[in-house]
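# Structural overview
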Amino acid sequence: MTQSLTPTEHVTLNMGPQHPSTHGVLRLELQLEGEVIIGCRPIIGYLHRGIEKIAEARTYPQVVPYTDRLDYLSSASNNMAYVQAVEKLLGVEAPERAKFLRVVLLELNRIASHLVFIATFANDLAATTVFLYGIRERELIMDLFEMWAGARLTQSWIRIGGVGQDIPDGFVERAREFCRMLPGRLDEYDRLLTGNRIFRARTEGVGILPREMGIDYGASGPTLRGSGVSFDIRRVEPYEAYPALDFEVAVQPACDCMARYLVRMKEMRESVRIIEQCLRQLPAGEVMAKVPRAIRPPAGEAYGRVESPRGDFGCYVVSDGSAQPARVHFRAPSFIHLGALPRMLQGWKIGDVVAILGSIDIVLGEVDR
Amino acid sequence: MNSTLYQRLLDWCGGWGLPTWIFDAVWMVAMAAIVTVFVLVTVLALVWLERKISADMQSRVGPNRTGGRFGPLQTAADALKLLLKEDIFPAGADRVVFWLAPFVVFVPTLMVFMVLPFTGKWVANDLNLGVLFVVAVSAFPVIGLIMAGWSSNNKYAILGAMRAAAQSVSYEIPLVLAMVCVVVAAGSLRIGDIVAAQREGGWFILRFPLQLAFLLYFITAMAEVNRVPFDLPEAESELVSGYHVEYTGMRFGFFFLGEFAHLFFVSAFCATLFFGAWEGPWLPPAVWFLIKSYAIVIVIMWIRWTVPRLRIDQIMGFSWKLLVPLGLATVLLTGLMKV
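Residues numbered from 1 in each chain as written. Chains lettered and ligands numbered in written order. Predicted model: local features only at pLDDT ≥ 70, side-chain atom pairs only at ≥ 80, totals over all residues.

### Quick word on the overall build of chain B
Condition: The secondary structure listing takes helices from DSSP runs of H or I that are at least 4 residues long and strands from runs of E that are at least 2 residues long, numbered from the N terminus. Labels follow a simple rule on C-beta atoms placed from the backbone: if 20 or more others lie within 10 Å of a residue's own, it is buried; if 12 or fewer, it is exposed; otherwise it is partly exposed. Any two residues are considered in contact once their C-beta atoms, placed from the backbone, lie within 7 Å.
The helix and strand tally for chain B stands at 13 helices and 0 strands. Tracing chain B from N to C terminus, the helices and strands come up as α-α-α-α-α-α-α-α-α-α-α-α-α. For chain B, the proportion of its 339 residues judged to be buried stands at 46%. In chain B, 77% of the contacts between residues at least 6 apart in sequence involve partners at least 24 apart.

Written out as structure tokens, the structure is:
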């Protein structure tokens, strides 16, 4: 390197906590040399609500609504991880119908979450129109949730022992209609965005997360699958109705932002297939298992693990035999991905920060808890 | 506007014993007032248009309450809101430069309207160096952007200003090259002569090497007015809004005003250079001029709401590696065709 004649110093730029592209209240302390990033320190905690601690003072069913507020873009998968752990402690199994309904809920939520990803990712790259298209499609899923659970965002619909209620009349038809419509809309995004030269220039080869590094950091979900690792909890540790369903795990080998984007696009198509299968195979029967009114699991510990739209979402529950959990801990994939972010940003430019940060699709609700 | 009108009024006032210099001063102020009012009204119309176009593209409704079904008064209401907002000087700002910057941005964008020919007669001043004047004056606002970025005492603002300077320098060259092609083809720097050349020999967009010049002009013009995909100095999602991040109220309004006025100007100038300005059948010339200008504005807006933003190094590479060589080649080609 040639010696610079004038003395220069690095600029520290605080990106966030109030910044349109940090997806919530994240602060990135960037060290800049001109526009180039030479260092990054993610600073978190602005959204800390102490949910894990609060859970220790609540009864087991009361914790479920708190889990909604972790990853608020896919509340069903948080419910699922917690409920799965509690059901393991109790030794309860949900009825067959509930298992399929849970998968419908989870997959609809996955699509909703990925649509928000596509929307915000495009918006970060200034393709504002795609943002509104993504939100438009998501709205239909929200309507489905409202029809079924009453709530749109935080449904708390996966309960200990089953789901809140059976689906109402007409839900299957509307869900099918949505499944028929969505692939066409995804094709539209492909035409508008995926093939766009500028979009490709901004995402291909940008923000490399090498395969080994991804594994070392404990990355999971679309972030890891975009680095060519076929790892999906729905496959490696199937839960609920997933063993009975036929779906493909989307994997892309390129390790860049584009790969992570493509994985999510493919996953939405696969989720549509899963929902269609569930609605076809939906068995009759109860949606709630026999669960005692006062839940007092025997002392012990259990771990629930689901594939949330962001990755390997886990919930560790310790019971001391009382009506309140002794300890609840969540493994949030966003938090782990944020750990890998500084190395992914190294040497890229400010404009790439928003692309790379967008491509790992974090939700601060689950990072800070 | 009209030299015969000027002469007649001057004679009439001279009959009353009014000195010529007083009459000239009043005449200048009147011209400036007319141009300013036109620009302000145009900006209000453009902001409304942009909102409606983007809403249509994004399956939204857009403004629909203020002043009737299609919300025509929405932007006027917004302008009023900006006027009433608190005027904040950030802590540590260089107050004089901070105060001055919006005017340095806005005044040159207003000045270029002086040479814009709405019809053969309606032009404030058809300078014999019209194109040179446009090039020189429209390079000016970037100084205001740097002043704004520097004086704000904000890192996002200074990054935005740096980008604005780099982008402006890189894109002004192909822009000038594109204009040089037109000047070579018309054989004059006077805008009236350029239009006359098109009346005689057909619109420049239809003559062979000038399509390339049009392409160059159109791309660089989008960069000049900082529109997506070239909106890096503002870059909402990266730099929050770049150089004017610290500005509030009407000071911010001036940047906004300058930007939209410049957008209209580059479109209208594009119509003048390549689409025969006010030439057209049946309708009055001024109407033709506005139709052509607005059509180009709409295309620029259409692009803005469709594509993502480029990155700073990609933008620089695009200009220096592609547009500048292409511009030089086009100038050469135009010269050869002329000979």
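### Examining the overall build of chain A
The criterion, for reference: Here the radius of gyration uses the C-alpha set of atoms, whereas the globule reference equals 2.2 Å times the residue count to the power 0.38.
Check the secondary structure of chain A and you find 14 helices and 8 strands. Computed over the C-alpha atoms, the radius of gyration of chain A is 21 Å, within 12% of the 21 Å expected from 2.2 N^0.38 for a compact globule of 369 residues. Overall, chain A is about 75 × 45 × 35 Å in size when its C-alpha atoms are taken along their principal axes. Sorting the 369 residues of chain A into buried and exposed places 52% on the buried side. Across chain A, the fraction of contacts at a sequence separation of at least 24, relative to all contacts at a separation of at least 6, is 71%.

### Structural notes on the packing of helix H2 (residues 20-57) of chain B against helix H11 (residues 249-274) of chain B
Residue and element names in this part refer to chain B. Applicable threshold: As a rule, the C-alpha atoms of each element are fitted with a line to give its axis, helices using only the stretch in contact, and angles between N-to-C directions run from 0 to 180 degrees. The labels follow the angle: roughly parallel below 35 degrees, roughly antiparallel above 145, roughly perpendicular from 65 to 115, and oblique for the rest. Only Asp, Glu, Lys and Arg are considered charged, only Ala, Val, Leu, Ile, Met, Phe, Trp, Tyr, Cys and Pro nonpolar, and every remaining residue, Gly among them, polar.
At a closest axis distance of 9 Å, the pairing of H2 and H11 adopts a crossing angle of 90°. The orientation of H2 with respect to H11, classified from their angle, is roughly perpendicular. Along its contact with H2, which presents Val39, Thr42, Val43, Leu46 and Val47, the element H11 presents Leu257, Phe260, Ala261, Leu263 and Phe264. In terms of residue class, the contact of H2 with H11 is made up of 9 nonpolar, 1 polar and no charged.

### Overview of the nonpolar core
Rule in force here: Remark: nonpolar core denotes a set of buried Ala, Val, Leu, Ile, Met, Phe, Trp, Tyr and Cys residues whose joining runs through C-beta atoms within 7 Å.
Core analysis: the largest hydrophobic core is formed by 206 residues, its most contacted members being Val353 of chain A together with Val182 of chain B. At 19 residues, helix H7 (residues 155-186) of chain B tops the list of elements feeding residues into this core. Once you skip the residues sitting within four places of it in the chain, Val353 of chain A turns out to touch Met15, Leu28, Leu30, Ile37, Leu345 and Trp348 of chain A.

### Some points on the interface of chain B and chain A
Tallying the contact residues gives 23 residues for chain B and 26 residues for chain A. At the level of elements, H7, helix H10 (236-239) and helix H13 (312-338) of chain B are the ones that each hand at least two residues to the side of chain B that touches chain A. Residues of the side of chain B that touches chain A, tallied by class, amount to 10 nonpolar, 5 polar and 8 charged.

### Side note on H11 of chain B
All names here are of chain B. Basically, it comes down to this: Take the residue count of a helix, subtract one, and multiply by 1.5 Å to get its expected span.
Between the first and last C-alpha of H11 there are 38 Å, a value that for 26 residues agrees with the 38 Å anticipated at 1.5 Å per step. Burial analysis of H11 places 23 of its 26 residues in the buried class, which makes it a mostly covered element. Taken from the residues just after H11, Gly276 is the one with a positive phi, measuring 70°.

### Focus on the sheet that holds strand S6 (residues 300-308) of chain A
Residue and element names in this part refer to chain A. As a reminder of what qualifies: A pair of strands is considered paired only if DSSP assigns at least 2 bridges between the two.
Pairing is antiparallel in the open sheet, where 3 strands are placed in the order S6-S7-S8. The open sheet has two edge strands, S6 and strand S8 (325-331), and neither has a second partner. The mean inter-strand angle of the sheet, taken between neighbouring strand axes irrespective of direction, is 15°. Bridge analysis of S6 against strand S7 (residues 311-319) gives 9 bridges, and the strand direction is antiparallel. Note that in S7 the partner of Gly300 across the bridge is Ser319. Across the face of the sheet, helix H3 (residues 75-90) comes into contact with S6 and S7 while running at roughly 150° to S6.

### Some words on the sheet that holds strand S3 (residues 36-43) of chain A
Residue and element names in this part refer to chain A. On the basis of which strands lie adjacent, the open sheet formed by 3 strands has the order S1-S2-S3 and antiparallel pairing. The strands lining the two open edges of the sheet, one partner per strand, are strand S1 (11-15) and S3. Averaged over all adjacent pairs, the angle separating strand axes in this sheet is 20°, with direction ignored. With 7 bridges joining them, strand S2 (residues 27-33) and S3 adopt antiparallel strand pairing. Each residue of the ladder has a partner; that of Leu28, found in S3, is Pro42.

### Observations regarding unusual backbone geometry
In this model, Ser156 of chain A sits at a positive phi of 50°, which is unusual for a non-glycine residue. With respect to the helices and strands, the residue Ser156 of chain A is situated in the loop between helix H5 (128-149) and strand S4 (158-159).

### A short note on the domain arrangement of chain B
Residues and elements named next belong to chain B. Counted only if it meets this: Domain delimitation follows an automatic or database domain assignment.
Domain parsing of chain B yields domain 1 (1-84) and domain 2 (88-338). Using only C-alpha atoms to locate each centre, domain 1 and domain 2 end up separated by 20 Å. Across the contact, 17 residues belong to domain 1 and 21 residues belong to domain 2. Here the side of domain 1 that touches domain 2 gets 12 residues from one element, more than from any other, and that element is H2. A per-class count over the side of domain 1 that touches domain 2 returns 12 nonpolar, 4 polar and 1 charged.

### Here's the deal with the environment of Phe274 of chain B
Residue and element names in this part refer to chain B. Position of Phe274 relative to the elements: it lies in helix H11. Remark: the alpha-carbon pair of Phe274 and Phe214, spanning 60 residues in sequence, is separated by 6.9 Å. Beyond its immediate stretch of four places on either side in the chain, Phe274 contacts Trp203, Phe204, Ile205, Leu210 and Phe214.

### Topic: the environment of Met111 of chain B
Residue and element names in this part refer to chain B. With respect to the helices and strands, the residue Met111 is situated in helix H4 (residues 95-111). Exposure remark for Met111: the 18 C-beta atoms within 10 Å place this residue in the partly exposed category. Taking the C-alpha atoms as reference points, Met111 and Glu234, separated by 123 residues in sequence, lie 23 Å from one another.

### Section: H13 of chain B
Convention followed: A residue's bend is given by the angle between axes fitted to the 7 residues ending at it and the 7 residues starting at it.
For H13 of chain B, which comprises 27 residues, the first-to-last C-alpha distance of 37 Å matches the rise-based estimate of 39 Å (1.5 Å per residue) to within 8%. A bend of about 35° at Leu323 of chain B is the largest found in H13 of chain B, and the proline Pro325 of chain B appears one to four places after it. Taken as a whole, H13 of chain B has its buried residues at Ile312, Ile315, Phe318, Ser319, Leu323, Gly327, Thr330, Val331 and Thr334 of chain B. Buried-residue contacts for H13 of chain B involve helix H13 (350-360) of chain A together with H7 and helix H9 (208-224) of chain B.

### Quick word on the packing of helix H6 (residues 141-151) of chain B against H7 of chain B
All names here are of chain B. The cut-off we apply is this: Here is the rule for handedness: rotate from the far helix to the near one, and if that takes an anticlockwise turn smaller than a right angle the crossing is left-handed, while a clockwise turn gives right-handed.
Packing of H6 against H7 leaves a shortest axis separation of 7 Å and a crossing angle of 160°. Classified by the interaxial angle, the pair formed by H6 and H7 is roughly antiparallel. Classified by chirality, the crossing of H7 by H6 is left-handed. Along the contact surface, H6 presents Val142, Leu145, Ile146, Ala148, Gly149 and Trp150, while H7 presents Ala157, Ile158, Gly160, Ala161, Ala164, Ala165 and Ser168. Split into classes, the residues belonging to the contact of H6 with H7 amount to 10 nonpolar, 3 polar and no charged.

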